[in-house]
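# Observations on the model geometry
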Amino acid sequence: MNEHPALPVRMKGVRGEGATKWRVKVRLCWTAKQIRRICGVNGPPDIMKIGVLLKQTPDTETKIKIKSDATGIDESDIKWVINPFDEYAVEEALRLKEASGGGEVVIVTAGVKRSVDSMRQALAMGADRGIRIDTEGVSVDNYTTALMLSKVVSQENFEVVFAGKQAVDDDGVHVAHGVSAELDWPCVWPIEHIELGADKKLVKVTRPVGGGVKEILEMQLPGIICCDKGENAPRYASLPGIMKAKSKPIAELKAADLLGGATPLVQFTHFALPPERKAGKILKGEPEQVCAELVKLLHEEAKVI
Amino acid sequence: MPGILILAEKEDGKLKKYSRELASKAVALAKSLNAPVYGVVIGNQASAAAEELGAFGVQEATAIEGPGVQSYTGDGYAKALLPLIQELKPQIILASASGMGKDILPRLAMKLKAGLATDCVELSIENGKLKAKRPIFSGKVFVDVTFLSDVQLATARPNSFAVTVVDAEKKAAVKTIQSASEGARVVVKEVKEAEKGMKDLTEADIVVAGGRALGSSENFKIIRDLADTLGATVGASRAAVDAGYISHDHQVGQTGKTVNPKLYIACGISGAIQHLTGMQSSKVIVAINKDPEAPIFSKADYGIVGDLFVLLPILTTKIKELLGK
Ligand SMILES: Cc1cc2nc3c(=O)[nH]c(=O)nc-3n(C[C@H](O)[C@H](O)[C@H](O)COP(=O)(O)OP(=O)(O)OC[C@H]3O[C@@H](n4cnc5c(N)ncnc54)[C@H](O)[C@@H]3O)c2cc1C
């Protein structure tokens, strides 16, 4: 242990802004190989370093309100959660770590301060540490987000990266693919089942392609896996997990440092609610009669059958 | 000269319906830009489908065939497309918001440093650039997307644009490129067909969906019977999927699929917000539910309050009569 003086500090977890920042710098320059060497002292020699791209999104129950000037949404009453698809990603990452006999699951988020809460939740599920790219006051789009995340992924030397198949706020299906293109990594989407190959150089994944068809694909690592809802329900954080998560480290980076001057390529210029659907006709009467009436209406009035 | 490139798709050697919609839209957009439209189709026997683009006013198309694109992988297809894009240098690249379009365009966008608007329901040209309207928060909000990049990319939601045939007889001039297979990082090992002949939900014209009320996978037969009669695809609520009545492939909603059919029949589905967001852009919605207070009725064009186990078989018979089946 003496030859790696940084390790005990890392394991203890340090709270407070300054400490966190200092620790990131140390950590980001470690390669997967170095981490292996370090962990070789205590743990299994061949661990996996797994990244998870996580976004904080409004709870799916949220009624979204628009600002009066139509330039964005009113965030005042929103309950923020982990993007539901990213929860599957966290679960798969934890399972992969377990299956590969050890390793590290690192949660990477580009987001404002409140997104720390969602990161802590993932840490409570069992992830080891987090890295947040602070986007406070920076205008971002999916392109710049992908750019920033790809910098972290390459600095961290992850062997595999998980992400949700899409974020339920902007529904873009953009960021994880963008990271893969920027790093020139392969990427598979959407994925509902994952198996690690024996040599840990390949993953075998199941991909639903619609119409009841599933494909089994093999992807070379490093690569990105975008998770759909699959067979594995995301685990709940246990109470000890929640306690432990409080002291797990979350490093903080500044968006501007990673962007190198890059700016968004699209802008959301006008927000509007969809036209409200009005309740239509309720048909009343005996089953025979209402069914006959419905068929007539669908055929003659709505002209859809 | 700036042009528009559309990524068209085929099935059994024929152009997909949403690709015809896309071609029609692209030709209309190109008119206001005074620019050509190029088409590209990838995969085995792509050239026949590429020729079909002519009917919608696309003059030139490329078919990418060969071992490198024998089976679909996002990685392989995106790689196969890049040289063509570098040659044509289109100002706008459009695809459908299908499994393929959603998988490929973000990779191209990153490589080209181009802005991307996904799942668009409106596309227009403003000040010589593409402008898009698209749903976000699974349809709870619509947003206008303005591009800040020189090259602009978008995917279009199926069933959002009309098909406009310019000349049914016209064939596009097709150039075929062979794509080699070396360096594949993702390989398709096996294709499993869990259910035969089911049209994908996102492309379906009619969806008949069942909820928790169905109570078992056997009972889903009455949903399937009605769907078969209408030539519809079967949908389901998450509650029905989680209870194991039907596979997740059928789930409509926030964590399932977004559908955009002309007719959606929701049977024994309460109409939770996460379900509504996935189907509320359907042109006509029918709800069958025994609870008159069910929220689904507030979105339905036609509603029947009653027991679906009584109503659905009768409805199926009546529709068979109408369609002369
Ligand atoms: C993060 C998240 C994501 C979600 N994503 C989705 C999603 O993608 N899709 C989705 O659907 N849900 C989703 N949900 C779940 C959603 O909140 C609801 O729980 C679900 O839609 C309810 O399904 P249901 O309407 O079938 O069941 P229920 O709410 O139980 O409703 C059953 C309905 O059937 C009626 N009924 C019962 N018996 C009969 C009968 N014999 N005849 C006629 N009517 C009858 C009842 O009156 C009731 O209205 C999500 C939830 C969360 C938290």
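Chains are numbered independently. Their residues run from 1 in the order of the written sequence. Written order decides the labels, with chains lettered from A and ligands numbered from 1. Under the rules for a predicted model, residues below a pLDDT of 70 receive no local features and side-chain atom pairs below 80 are neither given nor counted, while totals for whole chains, interfaces and linings still include all residues. To obtain the side-chain values, all non-hydrogen atoms of the structure were included, while hydrogens and water were left out.

## Brief notes about the pattern of salt bridges
Think of a salt bridge as a Lys or Arg side-chain nitrogen and an Asp or Glu carboxyl oxygen that are within 4 Å of each other. Inspection of the entire model under this criterion finds 42 salt bridges over all chains. Connected through salt bridges with shared partners, the residues Asp 184, Arg 207 and Glu 215 of chain A together with Asp 75, Asp 103, Arg 107, Lys 111 and Arg 185 of chain B form a single ionic network.

## Some points on the site of the ligand
Consider each residue's heavy atoms; a residue with any of them within 4 Å of a molecule or strand counts as near. The environment of the ligand is formed by 26 residues, the closest being Arg 212, Ser 237, Thr 255, Ser 270 and Gln 274 of chain B. Those chains with residues close to the ligand are chains A and B. Gln 251 of chain B places a polar side-chain atom, nitrogen or oxygen, 2.7 Å from an oxygen atom of the ligand. Under the rule applied, a polar contact is a pair of N or O atoms within 3.5 Å (in protein, one hydrogen donor and one hydrogen acceptor; residues adjacent in sequence only if both atoms are side-chain atoms). Contacts to the ligand include Lys 290 of chain B, whose backbone N or O atom sits 3.1 Å from a nitrogen atom. Relative to its unbound accessible surface of 980 Å², the ligand loses 78% to contact with the protein. Elements are defined by DSSP. Helices are runs of H or I of four residues or more, strands are runs of E of two residues or more, and each kind is numbered from the N terminus. Among the secondary structure elements, those contributing two or more residues to the shell around the ligand are helix 6 (238-242), helix 7 (273-279) and helix 8 (308-323) of chain B. Gly is put with the polar residues, along with every residue not named as nonpolar or charged; the nonpolar set is Ala, Val, Leu, Ile, Met, Phe, Trp, Tyr, Cys and Pro, and the charged set is Asp, Glu, Lys and Arg. Of the residues contributing to the shell around the ligand, the split by class is 7 nonpolar, 14 polar and 5 charged. Here the accessible surface of atoms and residues is derived via Shrake-Rupley with a 1.4 Å probe, and residues count as covered only by protein chains that are part of the display.

## What to know about the packing of aromatic side chains
All names here are of chain A. Any two rings among Phe, Tyr and Trp, with Trp reduced to its six-membered ring, count as a pair given centres within 6.5 Å; such a pair is stacked if its planes are under 30 degrees apart, edge-to-face if over 60, and tilted if neither. Overall, the coordinates contain 3 aromatic pairs over all chains when judged by the stated rule. Relative to Tyr 88, the ring of Phe 85 has its centre 6.5 Å away and its plane inclined at 45 degrees; by these criteria the two rings are tilted. With a gap of 3 residues between them, Phe 85 and Tyr 88 both fall in helix 4 (residues 84-99), about one helical turn apart. Their ring planes at 65 degrees and their centres at 6.2 Å tell us that Phe 268 and Phe 271 sit as a pair that is edge-to-face. When the NZ atom of lysine or the CZ atom of arginine is within 6 Å of a ring's centre and also within 35 degrees of its normal, the charge is said to sit over that ring. Seen from the ring of Trp 80, Arg 114 lies directly overhead, with NZ or CZ sitting 3.5 Å from the centre.

## Section: the packing of helix 6 (residues 142-156) of chain A against helix 7 (residues 175-183) of chain A
Residue and element names in this part refer to chain A. An axis is simply a line fitted to the C-alpha atoms; with a helix, the fit covers only the stretch in contact. Between two such axes, the angle follows the N-to-C directions and lies from 0 to 180 degrees. In the contact formed by helix 6 and helix 7, the axes pass within 8 Å of each other and the chain directions differ by 55 degrees. Of the possible angle classes, the one that applies to helix 6 and helix 7 is oblique. Crossing handedness for the pair helix 6 and helix 7: right-handed. From helix 6, Asn 142, Thr 145, Ala 146, Leu 147, Leu 149, Ser 150, Val 153 and Ser 154 reach across to helix 7, where they touch Val 175, Gly 178, Val 179, Glu 182 and Leu 183. Of the residues assigned to the contact of helix 6 with helix 7, the class counts are 7 nonpolar, 5 polar and 1 charged. Should an angle lie under 35 degrees it is considered roughly parallel, over 145 roughly antiparallel, and from 65 to 115 roughly perpendicular; all remaining angles are considered oblique. Crossing handedness: left-handed means the near helix sits turned counterclockwise from the far one by under a right angle, and right-handed means the same turn made clockwise. Here, residues are in contact when the closest pair of their heavy atoms is within 4.5 Å.

## Quick notes on the sheet that holds strand 16 (residues 281-283) of chain A
If you walk across this open sheet you meet the 6 strands as 16(A)-18(B)-17(B)-16(B)-14(B)-15(B), and the pairing is parallel. Two strands bound the open sheet, and with one partner strand each, they are strand 16 of chain A together with strand 15 (233-236) of chain B. Across the sheet, the axes of successive neighbouring strands diverge by a mean angle of 20 degrees, strand direction being ignored. Paired strands, as defined in this entry, are two strands with at least two bridges between them according to DSSP. Strand direction decides the pairing type here: strand 14 (residues 206-210) of chain B and strand 15 of chain B, joined by 4 bridges, are parallel. Within strand 15 of chain B, the residue paired with Val 208 of chain B across the bridge is Val 234 of chain B. Lying over the sheet, helix 8 of chain B contacts strand 16 (263-267), strand 17 (284-289) and strand 18 (302-305) of chain B, oriented at roughly 135 degrees with respect to strand 17 of chain B.

## A short note on the nonpolar core
All names here are of chain B. In terms of nonpolar packing, the biggest core is built from 45 residues, with Ile 4, Ile 6, Val 37, Leu 53, Leu 94, Leu 123 and Leu 130 touching the most fellow members. In terms of residue count, helix 1 (residues 17-33) provides more of this core than any other element does, 7 residues in total. Residues in contact with Val 37, not counting those within four places in the same chain, are Ile 4, Ile 6, Ala 26, Val 27, Ala 30, Val 58, Gln 59 and Glu 60. Residues Ile 206, Leu 214, Phe 220 and Ile 288 belong to the second largest nonpolar core, which totals 39 residues. Here, nonpolar core refers to any group of buried Ala, Val, Leu, Ile, Met, Phe, Trp, Tyr and Cys residues whose side-chain atoms link them within 4.5 Å. Relative accessibility thresholds used throughout: buried, under 20% of the residue-type maximum; exposed, over 50%; partly exposed, between the two (1.4 Å probe, protein chains only).

## As for the confidence of the model for chain A
Parts of the prediction with low pLDDT should not have their coordinates interpreted in detail. All names here are of chain A. With 85% of its residues at a pLDDT of 70 or more, chain A has an overall mean of 88. pLDDT under 50 marks residues 1-29. Its contacts with residues more than four places away, or in other chains, come to 44 contacts. Per-residue confidence from the prediction method is given by pLDDT, with values spanning 0 to 100. Segment residues 40-45: pLDDT under 50, and 6 contacts once partners within four positions in sequence are set aside and those in other chains are kept.

## Observations concerning the sheet that holds strand 13 (residues 186-193) of chain B
Reading across from one edge, 10(A)-11(A)-12(A)-13(B) is the order of the 4 strands in this open sheet, with antiparallel pairing throughout. At either end of the open sheet lies a strand with only one pairing partner, and these are strand 10 (193-196) of chain A together with strand 13 of chain B. Each adjacent strand pair in this sheet contributes to an overall mean axis angle of 20 degrees, direction not counted.

## Considerations on unusual backbone geometry
Where the residue is not glycine, phi is negative for most of them; where a peptide bond is considered, it is trans in most cases. The amide bond that connects Trp 189 of chain A to the next residue, Pro 190 of chain A, takes the cis arrangement and shows omega of -20 degrees. Looking at the element boundaries, Pro 190 of chain A is found in strand 9 (residues 187-191). The amide bond that connects Leu 221 of chain A to the next residue, Pro 222 of chain A, takes the cis arrangement and shows omega of 0 degrees. Locating Pro 222 of chain A in the fold gives a position in the loop between strand 12 (213-220) and strand 13 (223-227). With phi around 50 degrees, Asp 171 of chain A is a residue other than glycine that occupies positive phi space. With respect to the helices and strands, Asp 171 of chain A occurs in the loop between strand 8 (160-164) and helix 7. By relative accessible area, which is 12% here, Asp 171 of chain A ends up buried. The phi dihedral of Asp 119 of chain B is positive, around 60 degrees, even though this residue is not glycine.

## As for the pairing of strand 14 of chain B
Residue and element names in this part refer to chain B. Burial analysis of strand 14 places 5 of its 5 residues in the buried class, the great majority of the element. Where strand 14 lies against strand 16, 5 bridges are found, and the strand directions are parallel. If you follow Gly 210 over to strand 16, its bridge partner there is Cys 267. When the strands point away from the viewer and the connection leading from the first strand across the helix to the second strand turns clockwise, the crossover is called right-handed. Of the crossover connections in this fold, the one passing from strand 14 over helix 5 (residues 221-230) to the parallel strand 15 is right-handed.

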